Amino acid sequence: LDADVIVEGAGPAGSAVACDLARRGVDVLLLDREAFPRDKTCGDGVPPGSIEILNALGMGDKIRSAGFYPIRGIRIGSPSGRTWDAAFRAKRAGAEFYVAPRREFDALIQGHAVESGARFERAAVKSPVFDGDRVVGVRVEGNGRERRLESRIVVAAGGATSAIARALRPGPKPPGRHRSVAIRAYVEGIETLANRVEFYFDKAFLPGYGWVFPLGADRANVGVIVRVDRYRKGAASLEELMTRFLESRAIGGRLKRGYRVENRRSWQLPNGSGRPARKAYDGALLVGDAASLVDPLTGEGIHNALVSSRVAASVIGEAISAGDPSFSRLAAYDARCGEALGPLLVRSSRVQSWVARAPWWVDLLFSVADANPSQTESILNRLSSDFVVRVDD
Ligand SMILES: Cc1cc2nc3c(=O)[nH]c(=O)nc-3n(C[C@H](O)[C@H](O)[C@H](O)COP(=O)(O)OP(=O)(O)OC[C@H]3O[C@@H](n4cnc5c(N)ncnc54)[C@H](O)[C@@H]3O)c2cc1C
C-alpha cells in the first residue's frame with residue numbers, strides 16, 4: 001500500500017480531510033494536480049462556521065495572523081433597486097466572516113495538512129483503480145509518467161470536475177437547475193463599503209446575484225452567479241453579465257478613474273439539493289464540490305465542503321482504527337452527511353426555486369423585512385447557525 005488514505009485534490013475539502021486524518025495518526029497521501037499556492041475561481045467569502053472547523057484543526061493562530069479582510073455587515077439589493085442593510089457578528093467567539101483570497105486561504109490549509117503529517121505530492125488523478133466494485137487506489141500522472149497508487153480508502157476531493165466522482169457517478173450531469181456557473185474578477189479602484197459584503201438580485205441574474213466582496217478600501221472580489229438552466233435560456237455570456245453588473249446603478253458610479261478589472265475567470269458550482277445522493281462507495285468517499293454540496297441559494301460551498309470533510313474524517317478514522325474499512329462501515333458517511341447538511345440544503349433549494357419561479361418574491365421579502373425589522377432579525381437569527389444579525393435602522 002502507498003498510504004492508508006489517498007485524497008484527490010488539496011482544496012479546502014481535501015486538505016481539511018487530510019489534516020484531520022493526519023492528526024488522528026492515519027497515514028495520508030494528499031494529491032493535487034497543481035503546486036501551492038494556486039488560485040481557485042471563487043468569491044473568497046468564508047463564513048464563521050468554516051473558520052470554527054479550521055480552528056478545531058489547530059489553525060486559529062494561522063488564520064488570525066493571515067490578514068484576511070473581516071466582514072461585519074451586509075447590503076442586499078432587490079430587483080427593483082431597493083437596498084436592505086444589516087450588521088452581523090459571529091455567533092461564537094474565535095471566528096469571523098472573512099474575505100480570504102483563495103490563493104492564500106487554500107495554501108494555508110494545505111500547508112497545515114502537511115505540517116500535521118499528511119504527505120503532499122503534485123500529481124493529477126486520472127481515474128480510480130478498481131478490484132471488482134471496490135476502489136483500491138488511483139491512477140495518477142505526474143512528472144511525465146503514469147503510476148498506480150494503492151490505499152485502503154480513496155477520498156474524492158477534486159472539486160466540480162473530480163475524476164473519481166466522474167467515474168463513480170457515470171451518466172449525464174444533473175439537470176441545469178441543480179448547477180450554477182459564476183464569473184469573478186479582482187477589481188482595483190472600486191469604492192467599497194467598509195467591512196460589508198454586497199449582494200444584488202438583478203433580474204438578469206435571478207435566482208443568482210451579483211456580488212461585491214471587499215478586500216480593502218478600493219479593492220474587491222466582484223462577480224455574478226447564475227443557474228445553468230437560466231443561463232442557457234439567456235442571450236448574454238458570463239462576460240457580458242459581468243460587464244452589465246459593473247455598469248449597474250449600484251456599482252458603476254463607484255468605479256474610480258483608471259480602475260482595473262483583473263483575473264476575470266469563470267467556473268462551475270455543483271449545487272446540493274438536499275435529496276439523499278450517494279456519497280459513500282466501496283473504498284471511496286466523496287467530499288465538497290466532488291459530492292455536489294454547494295448551497296443552491298447562496299452559492300457558498302466552502303463551509304459545506306469542510307463539514308463533509310469533518311464527517312468523512314471521523315467515519316474513516318473510526319473504520320481504520322477498527323481495522324475495518326469495508327463498505328458497511330463507510331456507508332455511515334451518507335447518513336451522517338445527510339444529518340449535518342440535508343436540512344440546510346433542502347431549505348436553500350426551496351427558497352431558490354421560489355425565487356426562480358416568482359422573482360417578485362424577492363421584492364415582497366424586502367417589503368416585509370422593511371416593515372418588520374425586529375421580526376426579520378429574530379427569524380434570521382433562528383435560521384443562521386453561525387451569525388447574529390442586527391438590522392440597520
Ligand atoms: C466564481 C465562484 C464564486 C464562489 N464564491 C464562493 C464564496 O464566496 N464562498 C464560498 O463558500 N464558496 C464559493 N464558491 C464555491 C467554492 O469555490 C467551492 O464550493 C469550494 O472551492 C469547494 O472546495 P473543494 O475543496 O471541494 O473543491 P476545490 O476548491 O475546487 O478544490 C479542488 C482541488 O482539487 C484539485 N484537482 C481537481 N481535479 C484533480 C485531479 N484529477 N487530480 C488532482 N487534483 C485535482 C484542484 O486543483 C483543486 O486544488 C464559489 C465558486 C465559484 C465558481
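Glancing now at the overall build of the chain. When helices and strands are tallied, the chain shows 11 helices and 19 strands. Taking 2.2 N^0.38 as the reference for a compact globule, 393 residues should give roughly 21 Å; the C-alpha atoms of the chain span a radius of gyration of 21 Å, in line with that estimate. Across the 393 residues of the chain, 55% fall into the buried class. By sequence separation, contacts in the chain at least 24 residues apart represent 74% of the contacts at least 6 residues apart. About 17,100 Å² of surface is accessible on the chain, with carbon and sulfur atoms providing 50% of the total. Within the chain, the 46 negative side-chain charges are centred at a point lying 3 Å from the centre of the 56 positive side-chain charges.

Its 12 residues give helix H1 (residues 12–23) an end-to-end C-alpha distance of 16 Å, which sits within 8% of 16 Å, the value for a rise of 1.5 Å per residue. Within H1, 11 of the 12 residues are buried, which leaves the element mostly enclosed by the surrounding structure. Among the residues of H1, Pro-12, Ala-13, Gly-14, Ser-15, Ala-16, Val-17, Ala-18, Cys-19, Asp-20, Leu-21 and Ala-22 are the ones counted as buried. Where H1 is buried, its residues touch strand E1 (3–8), strand E2 (28–32), helix H2 (48–64), helix H3 (102–115), strand E11 (145–156) and helix H7 (302–321). Note on H1: the residue one or two positions beyond its end, Gly-25, has a positive phi of about 85°.

Quick look at the site of the ligand now. If you check the shell around the ligand, you find 35 residues, and the closest are Asp-32, Gly-43, Gly-45, Val-125 and Asp-289. Residue Gly-43 places a main-chain N or O atom 2.7 Å away from a nitrogen atom belonging to the ligand. Interatomic distance of 3.0 Å between a backbone N/O atom of Ile-302 and an oxygen atom of the ligand. Calculation on the ligand without its partners gives an accessible area of 1,000 Å², and the protein chains cover 96% of this total. Within the residue set of the shell around the ligand, elements represented by two or more residues are H1, strand E9 (124–131), strand E14 (209–216) and strand E16 (255–270). The residue makeup of the shell around the ligand, split by class, is 15 nonpolar, 10 polar and 10 charged.

Scanning all chains against the criterion turns up 15 aromatic pairs. Between Phe-36 and Phe-120 the ring centres are 5.8 Å apart and the planes differ by 90°, which places this aromatic pair in the edge-to-face class. Here Phe-36 is found in the loop between E2 and strand E3 (45–46), whereas its partner Phe-120 is found in strand E8 (residues 119–122), with 84 residues between them in sequence. Phe-36 sits in the buried class, given a relative accessible area of 17%. Ring-pair connections join several aromatic residues into one group, and the members of that group are Phe-199, Phe-201, Tyr-209, Trp-211 and Phe-213.

All right, on to the sheet that holds strand E13 (residues 196–200) then. A sheet is described by the order of its strands in space; here 8 strands give the open sequence E16-E12-E15-E14-E13-E5-E6-E19, paired in mixed fashion. Unpaired on one side and paired on the other, E16 and strand E19 (387–391) mark the two borders of the sheet. When strand polarity is set aside, the average angle formed by the axes of neighbouring strands in this sheet is 20°. Where strand E5 (residues 73–77) meets E13, 5 bridges bridge the pair, whose relative direction is parallel. Pairing of Ile-76 across the sheet is with Phe-199, part of E13. Sitting on the sheet, helix H11 (residues 373–383) is in contact with strand E6 (83–90) and E19, with an inclination near 170° to E19.

On to H2. Compared with the 24 Å implied by 1.5 Å per residue over 17 residues, the 12 Å span of H2 between its first and last C-alpha is markedly short. Residue Gly-58 marks the point of greatest curvature in H2, where the axis turns by about 115°. Among the residues making up H2, those that are buried are Pro-48, Gly-49, Ser-50, Ile-51, Ile-53, Leu-54, Leu-57, Met-59, Gly-60 and Ile-63.

We now examine the sheet that holds strand E4 (residues 69–71). Pairing is antiparallel in the open sheet, where 3 strands are placed in the order E3-E7-E4. A single partner strand is all that each edge strand has here, and the edge strands are E3 and E4. The sheet contact formed by E4 and strand E7 (residues 97–99) spans 3 bridges and is antiparallel. Bridge assignment links Tyr-69 to a residue of E7, and that residue is Val-99.

Each value, and the rule that gives it
Counting of residues starts from 1 at the beginning of each chain's written sequence and follows it residue by residue. In keeping with the model being predicted, local features are shown solely for residues with a pLDDT of at least 70 and side-chain atom pairs are shown and tallied solely at 80 or more, while totals for entire chains, interfaces and linings include all residues. Water and hydrogen atoms play no part in the side-chain values, which are based on all heavy atoms of the structure. Helix numbers and strand numbers start at the N terminus; a helix is a DSSP run of H or I with at least 4 residues, a strand a run of E with at least 2. This radius of gyration counts C-alpha atoms alone. The globule rule is 2.2 Å times how many residues there are, raised to the power 0.38. Buried, partly exposed and exposed residues are distinguished by accessible area as a fraction of the type maximum, computed with a 1.4 Å probe on protein chains only: under 20%, between the cut-offs, and over 50%, respectively. When checking whether two residues touch, look at their non-hydrogen atoms; a contact exists if any pair is within 4.5 Å. Surface accessibility follows the Shrake-Rupley procedure with a 1.4 Å probe radius. Residue values consider only the protein chains on display as shielding. Charged-residue counts in this description rest on Lys and Arg as positive and Asp and Glu as negative, His and the chain ends being excluded. A charge is said to be at NZ when it belongs to Lys, at CZ for Arg, at CG for Asp and at CD for Glu. Multiplying 1.5 Å by the helix residue count minus one yields the expected span of that helix. Residues are counted as near a molecule or strand when any one of their heavy atoms sits within 4 Å of it. Polar contact is the term for a pair of N or O atoms within 3.5 Å; when the atoms are in protein, one must be able to donate a hydrogen and the other to accept it, and sequence-neighboring residues count only if both atoms are side-chain atoms. Here the term charged refers only to Asp, Glu, Lys and Arg, the term nonpolar to Ala, Val, Leu, Ile, Met, Phe, Trp, Tyr, Cys and Pro, and the term polar to all other amino acids, Gly among them. Here the aromatic set is Phe, Tyr and Trp, taking the six-membered ring for Trp, and pairing holds for ring centres within 6.5 Å; pairs whose planes are under 30 degrees apart are stacked, those over 60 apart are edge-to-face, and all others are tilted. Pairing between strands is defined by DSSP: at least two bridges between the two strands are required. Fitted lines through C-alpha atoms serve as axes, helices being fitted only where they are in contact, and the angles separating the N-to-C directions of these axes extend from 0 to 180 degrees. One fitted axis covers the seven residues ending at a residue, a second covers the seven starting there, and the bend at that residue is the angle between these axes.

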